[in-house]
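# Results of the structural survey
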Number of protein chains: 2
Amino acid sequence: MPTDPSLTSFVDVPAGSHFPIQNLPYGVFRPQEGVMPRPGVAIGPEVLDLSALQSRALFDHPQIAERHPFSGPTLNTFMAMGPDVWQHVRERLTELLQEGSDLHEDANLRERAFFNREDVEMLLPAEIGDYTDFYCSEEHATNVGTIFRGPENALNPNWKHLPVGYHGRASSVVPSGTPVRRPCGQTRPDDDEPPVFGPTKLLDFELEMGFFVGPGNRLGENIPIDRAADHIFGMALVNDWSARDIQGWEYVPLGPFLGKSFATTVSPWIVSMAALEPFRQAGPEQDPEPLDYLHTDRDGAYDIHLEASLTPAGGTAKTICTTNFGYLYWTFQQQLAHHTVGGCNVRPGDLMASGTISGPDPGSYGSLLELTWRGENPIPFEAGSERTFLEDGDCLTLTGWAEHDDGYRVGFGECTGEVLPAQGG
Amino acid sequence: MPTDPSLTSFVDVPAGSHFPIQNLPYGVFRPQEGVMPRPGVAIGPEVLDLSALQSRALFDHPQIAERHPFSGPTLNTFMAMGPDVWQHVRERLTELLQEGSDLHEDANLRERAFFNREDVEMLLPAEIGDYTDFYCSEEHATNVGTIFRGPENALNPNWKHLPVGYHGRASSVVPSGTPVRRPCGQTRPDDDEPPVFGPTKLLDFELEMGFFVGPGNRLGENIPIDRAADHIFGMALVNDWSARDIQGWEYVPLGPFLGKSFATTVSPWIVSMAALEPFRQAGPEQDPEPLDYLHTDRDGAYDIHLEASLTPAGGTAKTICTTNFGYLYWTFQQQLAHHTVGGCNVRPGDLMASGTISGPDPGSYGSLLELTWRGENPIPFEAGSERTFLEDGDCLTLTGWAEHDDGYRVGFGECTGEVLPAQGG
């Protein structure tokens, strides 16, 4: 279904809102304390309760009548249902949110089904079975490689042949707004001395985007790249908080572990691939040509403007990074095809993130490690203060949106978290 | 509760059985097709249905009456309840399985509650939220390091300071007996040529043991080492199937990914730490002294005999490895204390595995990579055949038991899987 840029809703959507009728992102919210969470859709300043629409039988797809995807406290069932059902629901919501619809004309239902977004608690949109983090920005991999190994060995030999990734920790994925405690851990600041234990001194963020898996695959069977898009439910912002000193000491030879697993924050609204379709474009040229199982003629990049801002305790927000999802070398489709090519099974609700998204110029780097070049170039803040890495009380916020030529934005809202002092600190 | 070595059950337990009354391991079984799975306990050749005992109110602990831990298709609720409840259930089962007990004297209940182990289907014992794999055998890490980097750089600098580990893939953990499809993937057999795609040529097993987490911890709070034992529900055998050529090409810098995530097999019976208590002993000396958060005076090793055998298609089984859990350098308590020290939360049912368990002599190496020294020393099989790595149709079986001086065995049963040809192959 092409999204009509001129459509409007009976819900008043302010100019520049992330959530016009062309977006309709899915999330899970709790209307008030003590009440069961349920799926909803963001529209302007409101949330529309999907369980209320379902209980009034406003979706007439037989699978929805049978499986009640909006009854539970997660979107996993809906994610599992696949593109036909997703399209049906999107079309129906587009109708229902216009003037004169069944919903618009039913004051009683409107009263029950709409909530002010500021009054509700947003939860994780899915039960995340497994979380995978990739490393798909050439600029980020080159920057990190240069910082740690020098420019001549910056990119590892495998990097341009496959989307490098690793398994992350699913239990510590938290919704936006959850405070993040500074982790303690083992580090070795001086190679000639034994390692030491204490709070990380190099706490960082990573600006990423992730996708939630729709229908999964059976163990032992792959998802071919030309069918990968049908298995991608939608996208969100991801902050892969990182403790660089813990990571640096632990990660050889099995990869990042406790330096990353203390928290990963996701934005609460999942933007569907249908809403992002007008912003799909060609990505960077891939040279060498990927192997067949990673090759597709379908463009897989998206023009999504991304920002990170840092707000010191009691201070004002400063934008420290401006970048774009379109810089990514490997696409989400390639990530999913690669992940499953050996028969690894994915399940509805699994989260896969892009890795830090950095662009070509220094203001577009998606981590403090790169922005300050391992602390060599501090970022100035008000009143003469500066930052190399995150301090207690800092609040780090990601945001992003795609902007249509006709003026509307398909936005992702915010992905934010405040740094708490270390345990016992 | 000390386990009395002289106790016997009214169930006839053959000499040498893995499952005498001193063991009582927990698992989840399906009595027959189409019937709901439920928790059970192995006793000799039988399974005792815990849901049947629960529905007759034979456990009088108030938490069991309230939370019904044996009603669902997993052990997660029971795992979450902690050592007091575990001890109550173990004591009660020990009573009920003796002559003259309420169970023994109730022919009708016995008829409903006992099943022949050979007639039931064993499933995963828990819903595994996250799966972590450690690398805790010094001999294994040294062997692998020597094979890939030479003897002078065999152990990485961090190895003796912390239990190195990585996040594994939870979705592809399967119960014993599940066939394992040979994975396809990207490899680079010749460094001067581009990488190629195809079925792995270096399919391997890894002999490991794992533990299931009991009560979890909150995000941001750690489990101190002296309380770690209370968070460990029990142990099982684990085969961390590995594709060495895929792993070798992909793993720098983020660690193992598709070379491991196509399948991990666990044995179905979880042996409680109470049953293993008579076999607890001191482990290898740890030098240098671990940092405080990893230090404990409580012995954390266990004397558990372990074996791996390989059965070629149509052939007979040959034991290819004989080793012992007691060789491990880092204990499960240290693994759990380390995993959570930065505030990473673990949840009931999480699986943590030891990494390959190798001993000092070549017959005790826990993988084909080490046993054949990367294929240099093939293992002879009948009729002149030999093995360097696994072939299609091979069946790999792990087994293990602790043997008491008084003659009984606390065993783990088997962890087995047959290699299927690659997809499309």
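Bear in mind the structure is a predicted one, so any value in this text is a computation, not a measurement.

### Things to note about the sheet that holds strand β26 (residues 409–420) of chain B
Residue and element names in this part refer to chain B.
- Strand order in the open sheet made by the five strands is β9-β26-β25-β20-β21, with mixed pairing throughout. The outermost strands of the open sheet, each flanked by one partner alone, are β9 (180–181) and β21 (318–324).
- As defined by bridge partners, strand β20 (residues 305–311) adjoins β21 across six bridges and the pair is classed as antiparallel. Counterpart to A308 in the pairing with β21 is C321.

### Looking at the interface of chain A and chain B
- With 58 residues of chain A in contact, the opposing surface of chain B contributes 58 residues.
- Between R169(B) and D130(A) there is a salt bridge, with the nearest N and O atoms lying 3.5 Å from each other.
- Within the side of chain A that touches chain B, the residues separate by chemical class into 29 nonpolar, 20 polar and nine charged.

### Side note on the relation of the copies chain A and chain B
- Each copy of the sequence occupies a distinct position, and chain A is placed on chain B by a rotation of 180 degrees and an axial shift of 0.0 Å, giving an RMSD of 0.0 Å. Each copy turns onto its partner about a two-fold axis. Among all C-alpha atoms of chain A, that of G255(A) lies closest to the rotation axis, at 2.1 Å.
- Looking at the interface residues of chain A, 100% of them are also at the interface in chain B, so both copies use one shared face.

### As for the confidence of the model for chain A
- For chain A, the mean per-residue pLDDT works out to 97, and 99% of the residues sit at or above 70.
- Overall fold confidence for the complex sits at a pTM of 0.98, while the interface term, ipTM, reaches 0.97.

### Here's the deal with the domain arrangement of chain A
All names here are of chain A.
- Segmentation of chain A into domains returns domain 1 (26–123) and domain 2 (131–420).
- Measuring from the centre of the C-alpha atoms in domain 1 to the corresponding centre in domain 2 gives 30 Å.
- Contacts between the two partners involve 18 residues from domain 1, matched on the other side by 16 residues from domain 2.
- Of the roughly 1,400 Å² buried between domain 1 and domain 2, counting both surfaces, carbon and sulfur atoms make up 73%.
- Taken as a group, Y26, M79 and W86 account for 42% of the area that domain 1 buries against domain 2, more than any other trio of residues on that side.
- Summed over the shared surface of domain 1 and domain 2, the number is zero salt bridges.
- Where domain 1 meets domain 2, there are two residue pairs in polar contact (both at pLDDT 80 or more).
- Of all elements in the fold, only β1 (26–30), β2 (38–43), α3 (76–81), α4 (83–96) and β5 (121–123) reach the threshold of two or more residues within the side of domain 1 that touches domain 2.
- Looking at the side of domain 1 that touches domain 2 element by element, the count peaks at four residues for α3.
- Partitioned by chemical class, the residues of the side of domain 1 that touches domain 2 number 12 nonpolar, four polar and two charged.

### What to know about the pairing of strand β10 (residues 184–187) of chain A
Residues and elements named next belong to chain A.
- The alternating pattern of β10 places C184 and Q186 and G185 and T187 on opposite faces, both of which are buried.
- By the bridge criterion, four bridges tie β10 to strand β11 (residues 196–199) in an arrangement that is antiparallel. Within β11, the residue paired with G185 across the bridge is G198.

### Some details on a negative patch on the surface
- Among the surface-exposed residues, D226(A), E285(A), D287(A), E289(A), D292(A) and D297(A) lie close enough to one another that they form a single negatively charged patch.
- Looking at the secondary structure, you find D297(A) in the loop between β18 (280–281) and β19 (301–302).

### A few points about unusual backbone geometry
All names here are of chain A.
- Across the junction of V252 and P253, the peptide omega takes the value 5 degrees, indicating a cis bond.
- Along the chain, the position of P253 falls in the loop between α7 (244–250) and β16 (264–266).
- Note that the residue after D287, namely P288, is joined by a cis bond; omega there is 10 degrees.
- Tracing the chain through its elements places P288 in the loop between β18 and β19.

### Remarks on the pattern of salt bridges
All names here are of chain B.
- Enumeration according to the criterion identifies 36 salt bridges over all chains in this entry.
- Linking R38 and D49 is a salt bridge whose minimum nitrogen-to-oxygen distance equals 2.8 Å. Taken as a pair, R38 in strand β2 (residues 38–43) and D49 in strand β3 (residues 46–49) lie far apart in primary sequence, 11 residues in all.
- Note on D49: relative accessible area 2%, which makes it buried.
- Linking R409 and E403 is a salt bridge whose minimum nitrogen-to-oxygen distance equals 3.0 Å.

### Notes on the sheet that holds strand β4 (residues 114–116) of chain A
All names here are of chain A.
- Strand order in the open sheet formed by five strands is β4-β3-β2-β1-β5, with antiparallel pairing between adjacent strands. Two strands close off the open sheet at either side, each with one partner strand: β4 and β5. Strand-to-strand twist of the sheet, defined as the mean angle between neighbouring strand axes without regard to direction, takes the value 45 degrees.
- Of the strand pairs in this sheet, β1 and β5 are connected by three bridges, and their pairing is antiparallel. Counterpart to V28 in the pairing with β5 is L123.
- Sheet strands touched by α4: β1, β2 and β3 (46–49). Its angle to β1, the strand with the most contacts, is close to 70 degrees.

How each quantity is defined
- Throughout, a residue's number is its position along its own chain's written sequence, starting from 1.
- Note on labels: chains are lettered from A, ligands numbered from 1, in written order.
- Per-residue local features are limited, in this predicted model, to residues with pLDDT of at least 70; the limit for side-chain atom pairs, both in listing and counting, is 80 or more; totals at the level of whole chains, interfaces and linings are taken over all residues.
- The side-chain numbers reported here are obtained from all heavy atoms of the structure, hydrogens and water having been left aside.
- Criterion used throughout: strands pair if DSSP finds at least two bridges between them.
- Here a strand is any run of E in DSSP of at least two residues, a helix any run of H or I of at least four, and the numbering for each starts at the N terminus.
- A contact between two residues is defined here by any heavy atoms of the two lying within 4.5 Å.
- Salt bridge criterion: a side-chain nitrogen from Lys or Arg within 4 Å of a carboxyl oxygen from Asp or Glu.
- In this classification, Asp, Glu, Lys and Arg are treated as charged, Ala, Val, Leu, Ile, Met, Phe, Trp, Tyr, Cys and Pro as nonpolar, and every other residue, Gly included, as polar.
- Our superposition of the copies is a least-squares fit, built on the C-alpha atoms of residues whose pLDDT is at least 70 in both.
- For every residue, the predictor states its confidence as a pLDDT score lying anywhere from 0 to 100.
- In this document the domain limits rely on a domain assignment from an automatic tool or a database.
- Buried area is a sum: the accessible area each of two parts loses on coming together, probed at 1.4 Å, counted once for each and added.
- In protein, a polar contact requires one atom able to donate a hydrogen and another able to accept it; more generally it is a pair of N or O atoms within 3.5 Å, and residues adjacent in sequence count only if both atoms are side-chain atoms.
- Note on classification: 1.4 Å probe, protein chains only; a residue is buried when its accessible area is under 20% of the maximum for its type, exposed when over 50%, partly exposed between these limits.
- A patch consists of residues exposed above 30% relative accessible area that lack any salt bridge, with like charges linked at up to 9 Å and nonpolar side chains (Val, Leu, Ile, Met, Phe, Trp, Tyr) linked at up to 5 Å.
- Residue burial considers only the protein chains on display, and all accessible areas are found by Shrake-Rupley using a 1.4 Å probe.
- Positive residues here are Lys and Arg, negative ones are Asp and Glu, while His and the chain termini are left out of the count.
- Lys charges are placed at NZ, Arg charges at CZ, Asp charges at CG and Glu charges at CD.
- Every axis corresponds to a line fitted to the C-alpha atoms, with the helix fit spanning only the stretch in contact, and the corresponding angles, defined between N-to-C directions, vary from 0 to 180 degrees.

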